[in-house]
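Here is how the chains run, residue by residue.
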Amino acid sequence: LGWGLGGMVVHLFRRRLEPTMELAAGAALLYGLSLPVSLWLLVQFPFDISRLPLYFIVPLVPFLLAGITLSVVFDLNRERAGGLYFVDLLGASLGALVVTMLLQAFGGEATVLIASAAALAAAACFSVKWRTWAVVAVLPVAGLAMVNEQAGLLRVTPGTIKAMRKDMDRFPQAKVAQDGWNAYSRITAVEGVAGLARL
């Protein structure tokens, strides 16, 4: 939805926002900055069914900005669209492989921050005008990504409606035995309650 909206925004506001590499760089810069901001907001508001609109709208913003970035780049290079699309698919394939390793090595929140640093690096490559801002922003984001899992600075709390949380509230002796990320999710192993397994 966000990527599609990004393309529509570029099309609808084409007269006001003339596609340029500076525009692509600015959108990439905002995209990179929006990822840690979105993560911070989701950390501040643990999932609850009443907050469902928040959980739909907040992640929409980075995807919207990413869609704008890609749409502008493709618009400016129409004659090379086939080659760009090939590189786009190649990058997506490599990303799908790398993200599984990043999740296991650094955790989900840090992986979002690493994606943010990658977007900021792209902004620096797109335009000299935005390069200084992108470099200044990428350093703290990359640093935060490296220490976040150990420091627990940005950590998404499981929602209160999850069975694990309810069972742990009912059985005070229950405790988290192990917590970590696999290729696509966080797995928490709980012990201390008969019949309570990994959730």
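Conventions adopted
- Residues numbered from 1 in each chain as written.
- Predicted model: local features only at pLDDT ≥ 70, side-chain atom pairs only at ≥ 80, totals over all residues.
- Heavy atoms only, no water.
- Core = buried A, V, L, I, M, F, W, Y, C linked by side-chain atoms within 4.5 Å.
- Buried < 20%, exposed > 50% of the residue type's maximum accessible area, 1.4 Å probe, protein only.
- Helix = DSSP H or I, 4+ residues; strand = E, 2+ residues; numbered from the N terminus.
- Axes fitted to C-alpha atoms, helices over the stretch in contact; angles between N-to-C directions.
- Parallel < 35°, antiparallel > 145°, perpendicular 65-115°, else oblique.
- Left-handed = near helix turned anticlockwise from the far one by under 90°.
- Contact = heavy atoms within 4.5 Å.
- Phe/Tyr/Trp six-rings, centres within 6.5 Å; stacked < 30°, edge-to-face > 60°.
- Pairing = 2+ DSSP bridges.

Asks: Would you explain the nonpolar core in this entry?
Replies: Generally speaking, nonpolar side chains in soluble globular proteins are found buried as a group. Among the nonpolar cores identified, the biggest contains 15 residues, and Leu-113 and Leu-120 are the most heavily contacted of them. Those elements giving two or more residues to this core turn out to be helix H2 (21-44), helix H5 (108-126) and helix H6 (131-151). Core analysis: the second largest hydrophobic core is formed by six residues, Val-10, Ile-68, Val-72 and Val-73 among them.

Asks: Honestly, the packing of H2 against helix H3 (residues 52-76) in this entry has me stumped. Any pointers?
Replies: A pair of packed helices can be characterised by two numbers: the angle between their axes and the separation between those axes. Two numbers describe how H2 lies on H3: the axes approach to 9 Å, and their chain directions differ by 165°. Viewed along their axes, H2 and H3 adopt a mutual orientation that is roughly antiparallel. Relative to H3, the crossing made by H2 is left-handed. For the pair H2 and H3, the contacting residues are Met-21, Leu-23, Ala-24, Ala-27, Ala-28, Leu-30, Tyr-31, Ser-34, Leu-35, Ser-38, Leu-41 and Leu-42 in the first and Tyr-55, Val-58, Pro-59, Val-61, Pro-62, Leu-65, Ala-66, Ile-68, Thr-69, Val-72, Val-73 and Leu-76 in the second.

Asks: What am I meant to see in the packing of aromatic side chains here?
Replies: Within this structure, the stated rule accounts for one aromatic pair. With a centroid separation of 5.3 Å and an interplanar angle of 85°, the aromatic rings of Phe-47 and Tyr-55 are classed as edge-to-face. You can call Phe-47 partly exposed: its relative accessible area is 23%.

Asks: Any chance you could explain the pairing of strand E1 (residues 175-181) here in plain terms?
Replies: With six bridges connecting them, E1 and strand E2 (residues 186-191) associate as antiparallel partners. Each residue of the ladder has a partner; that of Lys-175, found in E2, is Glu-191. Adjacent in sequence and paired antiparallel, E1 and E2 are bridged by four residues.

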